[in-house]
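Inside the fold
Chain by chain, the residues run as shown.
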Amino acid sequence: MADVKNIKVDRMRYTKNKLSSTLAYVAIVFNVLYFVSIYSSNIGNYYYNMSMGFSVLCNLVFLLAAFLCSEGIKNYKIGYAYFLILLSVVQVARIFGIPKRAHGTIITLVEEEVKVMTDKQFIYVVVCLLISAAACFIAGIVGIVKTIVLEKYKKDNGLN
């Protein structure tokens, strides 16, 4: 039984960390779904301000960082795993930015009061951000665990 475990760990030296990498891609996909929903909304001029520009910048940085982490974590680089956990925290914090403000704002359009973000859209974008955050977090944890196991194996067997 111990030989099977050693073989699995030894095999990690030659295979990529596909699970963590795939989860990082899942986080990217759900971030894209989030910002498509936000950017396709056109309620008056509510979204045409500096916070939307900052949001676009945040999305670009997130996409680039998550992609970079997905590539780094494939090769069992622990720093990328920690950074994915940080990205998960950022994704949760983003809920309290545009989605929360837009959901709580009512504007008047042609003598009719409308919510900038409906309850349905708010739930959708929050779920997208939460799934993205969860995928980043799980990818980071899996990456940390696998990297530690592999590094310990290499050290114990003089393979560094």
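This text follows the structure it describes.
A brief report on the enclosed structure follows. Computed from a predicted model, the values in this text were never measured in an experiment.

Each value, and the rule that gives it
- Residues numbered from 1 in each chain as written.
- Predicted model: local features only at pLDDT ≥ 70, side-chain atom pairs only at ≥ 80, totals over all residues.
- Heavy atoms only, no water.
- Helix = DSSP H or I, 4+ residues; strand = E, 2+ residues; numbered from the N terminus.
- Rg over C-alpha atoms; globule rule 2.2 N^0.38 Å.
- Buried < 20%, exposed > 50% of the residue type's maximum accessible area, 1.4 Å probe, protein only.
- Contact = heavy atoms within 4.5 Å.
- Areas by Shrake-Rupley, 256 points an atom, 1.4 Å probe, with all protein chains shown as cover.
- Lys, Arg positive; Asp, Glu negative; His and termini not counted.
- Charge placed at Lys NZ, Arg CZ, Asp CG, Glu CD.
- Axes fitted to C-alpha atoms, helices over the stretch in contact; angles between N-to-C directions.
- Parallel < 35°, antiparallel > 145°, perpendicular 65-115°, else oblique.
- Left-handed = near helix turned anticlockwise from the far one by under 90°.
- Nonpolar A, V, L, I, M, F, W, Y, C, P; charged D, E, K, R; others polar.
- Core = buried A, V, L, I, M, F, W, Y, C linked by side-chain atoms within 4.5 Å.
- Pairing = 2+ DSSP bridges.
- Salt bridge = Lys/Arg side-chain N within 4 Å of Asp/Glu carboxyl O.

A word on the overall build of the protein
In terms of helices and strands, the protein carries six helices and two strands. Ordered by position in the sequence, the α and β elements of the protein form the string α-α-α-α-α-β-β-α. By the compact-globule yardstick of 15 Å for 160 residues, the protein is too spread out, its C-alpha radius of gyration being 20 Å. Dimensions of the protein, computed from the C-alpha atoms along their principal axes, are close to 75 × 30 × 20 Å. Expressed as a percentage of the 160 residues in the protein, the buried residues total 38%. Of the contacts made within the protein by residues no fewer than 6 positions apart, 77% connect residues no fewer than 24 positions apart. As displayed, the protein offers around 9600 Å² of accessible surface, 69% of which is attributable to carbon and sulfur atoms. Placing the 17 positive and 9 negative side-chain charges of the protein at their respective mean positions leaves the two points 11 Å apart.

Quick notes on the packing of helix H2 (residues 18-39) against helix H3 (residues 50-74)
H3 packs onto H2 with a crossing angle of 165° between their chain directions and a minimal axis gap of 8 Å. On the basis of the axis angle, H2 is roughly antiparallel to H3. Judged by the sense of rotation from one axis to the other, the crossing of H2 with H3 is left-handed. Contacts between H2 and H3 involve Ser20, Ser21, Ala24, Tyr25, Ala27, Ile28, Asn31, Val32, Tyr34, Phe35, Ile38 and Tyr39 from the first element and Met52, Ser55, Val56, Asn59, Phe62, Leu63, Ala66, Phe67, Ser70, Glu71, Ile73 and Lys74 from the second. Considering only residue class, the contact of H2 with H3 consists of 16 nonpolar, six polar and two charged.

Things to note about the nonpolar core
Counting 17 residues, the largest nonpolar core has Ala27, Phe62, Ala66, Leu84, Leu87 and Cys136 as the members making the most contacts within it. Secondary-structure elements contributing two or more residues to this core are H2, H3, helix H4 (78-94) and helix H6 (119-156). Of all the elements, H3 adds the most residues to this core, at five residues. Those residues in contact with Leu87 that lie beyond four places of it in its chain are Phe62, Ala65, Ala66, Cys69 and Cys136. If you look at the next biggest cluster of nonpolar residues, it comprises 15 residues, including Tyr34, Tyr47, Ile95 and Val126.

A word on the pairing of strand E2 (residues 112-115)
Two faces belong to every sheet, and in a regular strand the side chains alternate between them. In this structure, strand E1 (residues 106-109) lies alongside E2, joined through four bridges in antiparallel fashion. Bridge pairing in E2 links Ile107 to Val114. What sits between E1 and E2 in their antiparallel hairpin is a turn of two residues, with Val110 showing a positive phi close to 45°.

Considering the environment of Tyr82
Its location among the elements puts Tyr82 in helix H4. Given the relative accessible area of 48%, Tyr82 is considered partly exposed. Separated by 18 residues in sequence, Tyr82 and Leu64 place their C-alpha atoms 16 Å apart.

Thoughts on the pattern of salt bridges
A full pass over the atoms with the stated rule returns four salt bridges. The salt bridge involving Asp119 is made with Lys115; its shortest N-O contact spans 3.0 Å. The exposure class of Asp119 is partly exposed, given its relative accessible area of 45%. Residue class for Lys115 comes out partly exposed when judged on its relative accessible area of 34%.

As for the side chain of Ser55
Looking at the element boundaries, Ser55 is found in helix H3. Residues contacting Ser55, with those up to four places away along its chain left out, are Tyr39, Arg94 and Ile98.

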